[in-house]
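Summary of structural features
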Amino acid sequence: MLSKKASCDSHGQDSSYFLGWEEYEKNPYHQVHNPNGIIQMGLAENQLSFDLVESWLAANPDAAGLKRNGESVFRELALFQDYHGLPAFKKVLVEMMAKMRGNKVKLEANNLVLTAGATSANETLMFCLADPGEAILLPTPYYPGFDRDLKWRTGAEIVPIQCTSSNGFKITPSALQDAYERARKFNLKVKGVLITNPSNPLGTTMTLLELNHIIDFVIEKDIHIISDEIYSGTAFDSPSFVSILEALMQRNLENTQVWNRVHIVYSLSKDLGLPGFRVGMIYSNNPAVVSAATKMSSFGLISSQTQYLLSQMLSDKKFTRKYMTENKKRLLKRKEMFVSGLKSAGITCLESNAGLFCWVDMRHLLRSNTFEAEMELWEKVVCDVGLNISPGSSCHCTEPGWFRMCFANMSEETLRVAMQRIKVKLVDGNQSRSTTAVVKSARLQIQTKWVLQLASYNRGPDR
Amino acid sequence: MCMLSRKATCNSHGQDSSYFLGWQEYEKNPFHEVRNTKGIIQMGLAENQLCFDILKSWIANNPDAAGFKRNGESIFAELALFQDYHGIPEFKKALTEFMSEIRGNKVSFDPNHLVLAAGATSANETLMFCLANHGEAFLLPTPYYPGFDRDLKWRTGVEIIPIHCTSSNGFQITETALQEAYLEAQKRNLRVKGVLVTNPSNPLGTTMTRNELNMLVSFVDEKGIHLVSDEIYSGTAFSTPSFVSVMEILKERKCDENGSQVWKRVHVVYSLSKDLGLPGFRVGAIYSNDDMVVAAATKMSSFGLVSSQTQYLLAAMLSDKKLTKNYISENHKRLRQRQKKLVSGLQKAGISCLKGNAGLFCWVDMRHLLRSNTFEAEMELWKKIVYEVRLNISPGSSCHCTEPGWFRVCFANMSEETLDLAMQRLKAFVTEYYNVPEVNGHGQNSRLNHSRRRSLTKWVFRLSFDDRSPIPGR
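Residues numbered from 1 in each chain as written. Chains lettered and ligands numbered in written order. Predicted model: local features only at pLDDT ≥ 70, side-chain atom pairs only at ≥ 80, totals over all residues. Heavy atoms only, no water.

Digging into the nonpolar core
The biggest cluster of nonpolar side chains holds 314 residues, and the ones touching the most others in it are F89 of chain A together with M43 and V195 of chain B. V195 of chain B has contacts with F138, L139, I163, L178, L216, F219, V220, I225, H226, L227 and V228 of chain B, leaving out every residue within four places of it along the chain. (Core = buried A, V, L, I, M, F, W, Y, C linked by side-chain atoms within 4.5 Å. Buried < 20%, exposed > 50% of the residue type's maximum accessible area, 1.4 Å probe, protein only. Contact = heavy atoms within 4.5 Å.)

Shown next as structure tokens:
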């Protein structure tokens with residue numbers, strides 16, 4: 001008697017991505033209370049720079065205290081439910097977004113639509129751009145949440161653009177065409193391409209070449225681009241982040257039709273580490289999209305209390321400048337610590353310059369080049385090693401053996417514990433909990449492999 | 001040029017209705033007590049502005065709540081990271097207790113069955129996604145909140161079939177009306193998944209009677225369908241008869257004990273936008289006894305979670321039982337007084353309303369002011385009231401009322417002085433309009449003059465009756 005949506009499982013929440021979470025919830029690591037618990041490395045949170053925000057809040061008590069220049073604005077905020085959003089907030093957001101793009105693009109506050117998180121923004125864009133049964137192309141590997149956010153209530157389909165490790169998982173023109181053809185074969189009308197740049201789970205920024213391939217493709221096919229730039233403020237290393245808007249401007253495409261078919265999604269959940277506050281947004285140069293999305297935002301408006309707090313904070317340019325720089329510095333340091341820790345365990349990752357995670361290569365630890373083997377390894381890592389990480393299959397990766405591991409959602413000490421566990425429990429192979437001969441022999445194979453790798457990597461100290 | 005979706009390009013967001021057009025006119029020329037005394041007074045917005053002082057002083061006396069602190073210690077990081085769609089437990093506990101308190105503690109709510117949403121707008125849409133497929137239908141009694149046309153139908157593809165209610169019995173839902181609506185759906189080949197009612201009613205400003213509620217429960221039980229009770233105004237039931245929630249009815253019928261299926265098909269929607277006057281904070285909730293609905297709605301709430309900053313503040317506020325007790329009773333008192341003011345002001349203009357005991361508005365009877373018993377005449381009158389009298393009120397047609405001449409007029413979203421001014425303008429309009437019927441040059445015929453004289457007599461009689469005892473503020 002319920003709807004199909006309520007009774008089906010296309011909310012995607014039976015995927016391992018969520019199951020790992022559940023295991024963690026049952027036995028969460030705590031430095032003091034539960035040092036043998038599972039360490040959460042599956043949650044792309046940014047916990048590195050709260051001190052900066054907290055000290056700003058302490059120095060500016062009016063913002064949280066619902067006051068402006070000492071006067072209460074409680075009533076005004078309590079009543080403010082205009083889906084056009086708090087003007088002061090949208091102004092500072094577009095300023096910040098422009099700054100993050102090196103001020104190479106000029107953004108208008110009127111083209112910004114506020115939503116309750118990027119989750120809401122992405123779903124809303126799908127409702128605006130695609131009818132049920134129509135399709136959107138996404139490069140793999142991609143954020144598992146998209147299966148729910150883009151498809152569940154909208155009825156839209158996702159057709160993957162297969163990317164492989166042969167070229168660092170970059171998007172190629174042939175991969176784009178293949179995906180389009182596959183959609184056609186399934187009789188699905190393609191409405192657009194959705195990219196996450198910087199990429200989740202790869203942790204890399206898109207190259208100008210890739211962006212241009214995509215632009216050429218959508219011009220040719222007359223379709224939309226959604227660029228989820230939620231990690232744009234976490235591009236901590238070169239090459240620097242290039243937004244799709246910048247790529248378009250470089251080609252002087254501002255006054256052409258494709259300009260109206262490009263939509264950016266952003267959020268404060270990753271850069272500022274504020275996922276709880278539900279601050280997301282859509283930026284589009286297409287007035288019809290802005291208009292429809294604005295009305296749809298009624299279903300997920302941002303609390304005016306939160307809009308006010310953040311409009312005050314982000315209008316403090318000294319603070320935002322300091323935050324952006326310091327945040328990147330800390331992320332870079334943390335990533336480097338993580339990469340070198342993995343290296344000393346004979347594990348490499350895709351070379352990355354952004355995000356809150358690394359795309360880790362554990363193919364050499366697989367019993368066989370299969371997703372079953374990947375699942376086995378993943379279960380071992382979650383249950384035996386005690387780390388919740390995300391298996392590549394949950395991100396629709398075409399090659400088994402890749403895992404996303406987060407490094408910014410814990411203290412340095414905890415990360416060190418995690419590194420230690422990887423080295424000792426995962427790679428050392430001295431654990432004798434497994435009972436089957438198959439697994440034992442597989443473990444021997446793995447041991448041989450890593451011994452070789454370790455030998456080659458341990459030649460030099462930290463990267 | 002690549003097409004957008006049908007949803008983006010159609011106009012079933014319902015925002016071309018007069019409900020929204022009146023808003024637009026107001027936006028162009030908004031009344032201000034000092035800066036724009038000739039502007040349009042907003043009486044189309046069901047906001048509760050009467051008790052901010054109580055909340056404001058609580059916040060001032062409890063700085064930790066808004067300051068991200070617990071017992072003086074910062075919990076900022078914890079809140080900033082909290083995005084669990086199960087919601088902050090303390091908040092759900094406090095909210096369910098508040099909901100109980102509003103219902104005189106006659107029913108209790110289990111926080112595990114409460115799903116938070118970004119406002120009742122989000123809650124209602126989410127429930128539709130959970131209960132109905134594209135093309136299926138829900139029955140709604142008319143008149144109903146114009147926003148439902150967008151909230152329940154737009155992205156869900158669900159249809160609304162009206163249950164026609166009339167002034168003959170104070171717009172109460174009848175068995176006949178229910179059956180007729182159900183048949184209408186069948187005639188249109190639409191599968192009915194449930195009934196959605198707003199109790200207390202918007203726009204009527206009345207609480208549902210026990211009779212109506214029992215009849216509804218029996219109806220949905222018999223048909224095997226759902227009942228959604230939007231109880232967003234439950235805390236604004238300011239005078240007798242007292243508010244009875246559908247949950248109370250279920251309890252009385254011992255639905256929870258005998259394992260009746262209907263228990264699982266009744267869902268309540270709530271929000272803090274009307275009772276606490278906090279529409280900007282986007283706090284809504286779905287309450288359901290059906291585990292599958294709770295599970296699905298919880299996942300769907302990802303698309304509209306309540307800011308943890310807001311959850312924390314309100315958890316602290318609503319956990320303060322001294323505050324909630326005082327607030328609920330003071331809120332009732334002030335709403336009651338304010339409604340009386342509107343009713344008596346209208347009376348002085350020879351206008352009556354449906355007898356209301358809840359809500360932030362009155363359902364006003366202006367049928368006698370219509371040129372003819374048609375919706376065109378209602379639109380004419382409405383435009384006059386917006387543009388000439390400069391009051392933005394909501395015409396009954398925007399609420400799908402079947403009878404022309406009814407209007408929803410809000411009373412709790414302005415100061416007392418502004419309300420007085422609005423009433424003066426209205427009285428002046430009625431006086432002037434009916435004193436000079438020839439001058440307007442509308443090409444009246446004798447039939448119209450005759451009906452005008454009839455209405456003239458009615459209000460002249462009423463005015464003279466009321467002016468006999470001019471008790472101020474009554």
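Don't stop here, the text continues.
Considerations on the pattern of salt bridges
Residue and element names in this part refer to chain A. With the rule as written, the count across this model stands at 44 salt bridges over all chains. Note that R330 is salt-bridged to E326, the shortest N-O span being 2.9 Å. Note that R330 and E326 are positioned in helix 14 (residues 317-343) at a spacing of four residues, about one turn of the helix. R330 sits in the partly exposed class, given a relative accessible area of 23%. The partly exposed category is assigned to E326, whose relative accessible area is 22%. For E399, the salt bridge is made with R363, and the minimal N-O distance between the two is 3.4 Å. One end of the pair, E399, is in the loop between strand 14 (390-391) and strand 15 (402-406); the other, R363, is in the loop between strand 12 (357-361) and helix 15 (371-385), with 36 residues separating them in the sequence. Take E399: its relative accessible area is 15%, and that puts it in the buried class. (Salt bridge = Lys/Arg side-chain N within 4 Å of Asp/Glu carboxyl O. Helix = DSSP H or I, 4+ residues; strand = E, 2+ residues; numbered from the N terminus.)

Points about the side chain of R265 of chain B
Residues and elements named next belong to chain B. In this fold, R265 is placed in the loop between helix 11 (246-252) and strand 9 (266-271). The charged side chain of R265 is buried without a salt bridge, its nearest counter-charge being D221 at 4.0 Å. One polar contact links the side chain of R265 to the main-chain carbonyl oxygen of V220, over a distance of 3.0 Å. Not counting the four nearest positions on each side in its chain, R265 is found in contact with V220, D221, G224, I225, H226 and L227. (Lys, Arg positive; Asp, Glu negative; His and termini not counted. Polar contact = N/O pair within 3.5 Å; in protein donor to acceptor, adjacent residues only side chain to side chain.)

Brief notes about the UniProt feature "domain: Aminotransferase class I/classII large" (unreviewed entry) in chain A
In the UniProt entry, the feature "domain: Aminotransferase class I/classII large" (unreviewed entry) is given for residues 39-422 of chain A. For residues 39-422 of chain A, the end-to-end C-alpha separation is 11 Å, with 41% helix and 15% strand making up the annotated structure. (UniProt positions renumbered as here; feature names shortened; annotations may be inferred.)

Regarding the sheet that holds strand 12 of chain A
All names here are of chain A. Reading across the sheet, the four strands line up as 11-12-15-14 and stay open at both edges, with antiparallel pairing between neighbours. Each edge of the open sheet carries a strand with a single partner, namely strand 11 (348-349) and strand 14. In the sheet, strand 12 pairs with strand 15 via five bridges, with the strands oriented antiparallel. Among the inter-strand pairings, D361 is bridged to a residue of strand 15, identified as W402. Along the sheet, helix 15 contacts strand 14 and strand 15; its crossing angle with strand 15, the most-contacted strand, is approximately 30 degrees. (Pairing = 2+ DSSP bridges. Axes fitted to C-alpha atoms, helices over the stretch in contact; angles between N-to-C directions.)

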